[in-house]
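Fold and contact review
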Amino acid sequence: MSEHPDYRSLQSSINVTSIFLTGFPNLQSFTFPFFSLLVLLYCATISGNLLIMVLYLVSKTLQSPMYFFITQLSLCDLLLTTDIVPVLLHTVLYGGETLPFMGCIFQFLLFACSEFSECLLLSVMSYDRYLAICNPLRYHYIMNHRSCVMLICIIWLIGCMVTMTNIISLFHLHFCGPNVINHFFCDLEPLVQLACSDTSMIYTQNLILGSIFAILPFVIIVTSYVYIVLTILKIPSNTGRHKAFSTCSSHLIVVTIFFGTLIIAYMSPTRGESLTFSKILSLIYTVITPLLNPIIYTLRNKDFKDALLKIKLDVCLGM
């Protein structure tokens, strides 16, 4: 949504105190089915990710670095889902949602922190698989419990610091109107487009931060998997190759879905007819991906299935 510069200058004395999210205004007769589907996906996402975290805590067979990182991925997904979906449900049911300006900023803070942290976490998980397959003798020495905890603390710290850098830059902008965002959550791009002041600095800053903390992790992941594939191809037996590849195939699927939709969403134009396509892509990485992660890691993972079966047997025997 854009306005004539002269009109915006006339409104310069108006301070934006709230943001209106339009969501999906053209749903019409599909409102209730879409709302019902989102509720089901939301419940399944919360249940699936909580299940992974509980299984890790109660099962002795899952006490390894790989599963520790998977629980942190579930934590990222829970944070993202609880931040985005409740507001999305309100916009679908009532045709929009009005958030306080600070509430909109806080939503972006949680969203950006979880996304940046997930980018870094996926790169660490790929390095974990690289060590396990390409350098197994040093794996337990490098990926000990202390190292894993330190890596996770660093990841969350960097995610928060990068997000706060964007938040501080947003507070240096002047928002005088309009206050309507044609989206279902408060992302950086639509927020910056509402600013009346010069935004070139924040665009440059976001490009630099995005290159470092999104593209660089993707390069690390690709490099790790090049070495992993080369190592797997050198394994003489078909059984050995299959076992080695099965340990990292789930992570590769998650990486492809997450980075694929994220790159397309933020590299595609956001005006005109492509805006609907941008919203659909946003739905994928904010609603669908957090649901797919626990499905991929549990249904394709023998250890998780065995741990779940053991808990079921213990419950049955206890009754």
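Note that this is a predicted model, so its numbers are computed, not measured. (Residues numbered from 1 in each chain as written. Predicted model: local features only at pLDDT ≥ 70, side-chain atom pairs only at ≥ 80, totals over all residues. Heavy atoms only, no water.)

Section: the overall build of the protein chain
Test applied: A run of H or I in DSSP becomes a helix once it reaches four residues, and a run of E becomes a strand once it reaches two; helices and strands are each numbered from the N terminus. Any residue under 20% of the maximum accessible area for its type is buried, any over 50% is exposed, and the rest in between are partly exposed; the area is computed with a 1.4 Å probe on protein chains only. Contacts between residues were defined by any pair of non-hydrogen atoms, one from each residue, lying within 4.5 Å. Using the Shrake-Rupley algorithm and a 1.4 Å probe, accessible areas are obtained, with residue cover drawn only from the displayed protein chains.
Along the backbone of the protein chain there are eleven helices and three strands. Along the protein chain, from the amino end to the carboxyl end, the secondary structure elements read α-β-α-α-β-α-α-α-β-α-α-α-α-α. Classification of the 319 residues of the protein chain by burial places 46% in the buried group. Expressed as a percentage of contacts within the protein chain between residues at least 6 apart in sequence, the contacts between residues at least 24 apart total 80%. Total accessible area computed for the protein chain in this model is approximately 16,600 Å², and 71% of it derives from carbon and sulfur atoms.

A look at the UniProt feature "transmembrane region" (unreviewed entry) in the protein chain
Note the threshold: UniProt positions are given in the numbering used here, feature names are shortened, and annotations may be inferred rather than shown by experiment.
This chain's UniProt record puts "transmembrane region" (unreviewed entry) on residues 34-58, 70-93, 105-127, 148-171, 207-233, 245-268 and 280-299. Its end C-alpha atoms 33 Å apart, residues 70-93 is made of 100% helix and 0% strand. The distance from the first to the last C-alpha atom of residues 148-171 is 35 Å, and the span holds 100% helix and 0% strand.

With respect to the pattern of salt bridges
Using the following cut-off: Any Lys or Arg side-chain nitrogen found within 4 Å of a carboxyl oxygen on Asp or Glu counts as a salt bridge.
Taken as a whole, this structure holds one salt bridge when the rule is applied. Here aspartate 128 makes a salt bridge to arginine 129, at a shortest N to O gap of 2.8 Å. Arginine 129 matches aspartate 128 in its accessibility class, with the two residues each being buried.

Overview of a nonpolar patch on the surface
This is how the line gets drawn: By definition, no residue in a patch forms a salt bridge, and every one has over 30% relative accessible area; like charges are joined within 9 Å, nonpolar side chains (Val, Leu, Ile, Met, Phe, Trp, Tyr) within 5 Å.
On the surface, Phe218, Val222, Val226, Val229, Leu230, Leu233 and Ile263 cluster together into a nonpolar patch covering about 570 Å² of accessible area. Positionally, phenylalanine 218 belongs in helix α8 (residues 200-233). Relative accessible area serves as the criterion here: at 31%, phenylalanine 218 is assigned to the partly exposed category.

Section: the packing of helix α3 (residues 65-94) against helix α4 (residues 101-134)
Threshold: Throughout, an axis means a line fitted to C-alpha atoms (over the contacting stretch in the case of helices), and angles, computed between N-to-C directions, take values from 0 to 180 degrees. Working rule for angles: under 35 degrees goes down as roughly parallel, over 145 as roughly antiparallel, 65 to 115 as roughly perpendicular, anything else as oblique. Two helices that cross are described as forming a left-handed crossing if the nearer one is turned anticlockwise from the farther one by less than a right angle, and a right-handed crossing if clockwise. Side-chain classes follow a simple rule in which Ala, Val, Leu, Ile, Met, Phe, Trp, Tyr, Cys and Pro form the nonpolar group, Asp, Glu, Lys and Arg form the charged group, and the remainder, Gly included, forms the polar group.
Put simply, α3 and α4 touch, their axes get as near as 9 Å, and they point 160° apart. The pairing of α3 with α4 is recorded here as roughly antiparallel in orientation. As for the relative orientation of α3 and α4, their crossing is left-handed in sense. Taken together, the residues of the contact of α3 with α4 sort by class into 16 nonpolar, four polar and six charged.

Focus on the state of the cysteines
The bond known as a disulfide is covalent and runs between the sulfur atoms of two cysteines. Here is the rule we go by: When two cysteine sulfur atoms lie within 2.5 Å, the pair is treated as a disulfide.
Under the definition given, this model contains two disulfides. At a sulfur-sulfur separation of 1.7 Å, the disulfide partner of cysteine 176 is cysteine 196. The disulfide joining cysteine 176 to cysteine 196 has a torsion of about -110° about its S-S bond and is therefore left-handed. Of this pair, cysteine 176 sits in the loop between α6 (145-171) and β3 (180-181) while cysteine 196 sits in the loop between α7 (188-193) and α8, and the two are 20 residues apart along the sequence. We classify cysteine 176 as buried; its relative accessible area is 1%. Cysteine pairing for the protein chain (bonded cysteines numbered in sequence order): 1-3, 2-4. Between cysteine 119, a free cysteine, and cysteine 76, which holds the nearest cysteine sulfur, the sulfur-to-sulfur gap is 9.5 Å.

Topic: the packing of α3 against α6
Following both chains from N to C, one finds α3 and α6 inclined at 25°, their axes separated by 11 Å at the closest point. By the criterion of interaxial angle, the relationship of α3 to α6 is roughly parallel. Taken as a pair, α3 and α6 cross one another with a handedness that is right-handed. Counting all contacts with α3, which are made through Pro65, Phe68, Phe69, Gln72, Leu75, Cys76 and Leu79, the residues of α6 involved are Cys148, Val149, Leu151, Ile152 and Trp156. Here the contact of α3 with α6 is built from residues that sort into eleven nonpolar, one polar and no charged.

Considering the side chain of glutamate 97
Spelled out, the test is: Positive charge is attributed to Lys and Arg, negative charge to Asp and Glu, and no charge count is given to His or to the chain ends.
Structurally, glutamate 97 is set in strand β2 (residues 97-100). Among buried charged residues, glutamate 97 stands out as having no salt bridge; its nearest opposite-charge side chain is lysine 279, 15 Å away. Beyond its immediate sequence surroundings of up to four residues, glutamate 97 is in contact with Ile19, Phe20, Leu21, Val87, His90 and Thr91.

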